[in-house]
Amino acid sequence: QVQLVESGGGLVQAGGSLRLSCAASGRTFSRYAMGWFRQAPGKEREFVATISWGGGTTYYADSVKGRFTISRDNAKNTVYLQMNSLKPEDTAVYYCAAATANTYGSTRLGEYDYWGQGTQVTVSS
């Protein structure tokens, strides 16, 4: 079992920044990949970023590449999503997720078996 708790969401103006955190507990954090997804109202949940077990491999959705950075601190059992140059279209509930059978990261929602409760990010124009 893995428990995930996100924090750091909020309201920000376009062009601003936020850093999301996701604290994990349960299974050994350093043994599996992590990801961030988001879901806007009326839309399906979509991939944002993923990071390998050791942090050496990352991958981003084209829509956030160059603006968002995923990182992890295995000593703190925490994964982060630094979001810069935010746009109104980034408004969504952001979820962190654990892919405990995967060590290198994945863009596929179905490969993630544990999810956090989500944190709201709202970007005003």
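Since this is a predicted model, take the numbers as computed values, not measurements. (Residues numbered from 1 in each chain as written. Predicted model: local features only at pLDDT ≥ 70, side-chain atom pairs only at ≥ 80, totals over all residues. Heavy atoms only, no water.)

Caption draft 1: A look at the overall build of the protein. Helix and strand content of the protein: zero helices and 11 strands. Counting from the amino terminus, helix and strand elements in the protein follow one another as β-β-β-β-β-β-β-β-β-β-β. Against the globule reference of 14 Å for 125 residues, the protein gives a C-alpha radius of gyration of 13 Å, in line with a compact fold. Its C-alpha atoms give the protein principal-axis dimensions of roughly 40 × 25 × 25 Å. Burial analysis of the protein (125 residues in total) assigns 45% to the buried set. Counted over contacts in the protein with a minimum sequence separation of 6, partners at least 24 positions apart contribute 59%. Taken as a whole, the protein presents about 6,200 Å² of accessible surface, with 47% of it coming from carbon and sulfur. Positive and negative side-chain charges of the protein, numbering 12 and 9 respectively, have mean locations separated by a distance of 5 Å. (Helix = DSSP H or I, 4+ residues; strand = E, 2+ residues; numbered from the N terminus. Rg over C-alpha atoms; globule rule 2.2 N^0.38 Å. Buried < 20%, exposed > 50% of the residue type's maximum accessible area, 1.4 Å probe, protein only. Contact = heavy atoms within 4.5 Å. Areas by Shrake-Rupley, 256 points an atom, 1.4 Å probe, with all protein chains shown as cover. Lys, Arg positive; Asp, Glu negative; His and termini not counted. Charge placed at Lys NZ, Arg CZ, Asp CG, Glu CD.)

Caption draft 2: Molecular detail of the side chain of Thr100. Tracing the backbone shows Thr100 in the loop between strand E9 (92–99) and strand E10 (114–115). Within the structure, the side chain of Thr100 is placed 3.5 Å from the side chain of Arg27, a separation counted as a polar contact. Among the polar contacts made by the side chain of Thr100, one reaches the side chain of Asp113 at a distance of 2.5 Å. Discounting residues that sit within four places of it in the chain, Thr100 has contacts with Val2, Arg27, Tyr32, Asp113 and Tyr114. (Polar contact = N/O pair within 3.5 Å; in protein donor to acceptor, adjacent residues only side chain to side chain.)

Caption draft 3: Spotlight on the state of the cysteines. Per the counting criterion, the structure on display carries one disulfide. Disulfide pairing is shown between Cys22 and Cys96; the S-S distance is 1.9 Å. Residues Cys22 and Cys96 are joined through a disulfide that is right-handed, its torsion about the S-S bond being 45°. Linking Cys22 in strand E3 (residues 18–26) with Cys96 in strand E9, this pair joins segments that are 74 residues apart in sequence. Assessed through its relative accessible area of 0%, Cys22 is described here as buried. Given a relative accessible area of 0%, Cys96 falls into the buried group. (Disulfide = S-S within 2.5 Å.)

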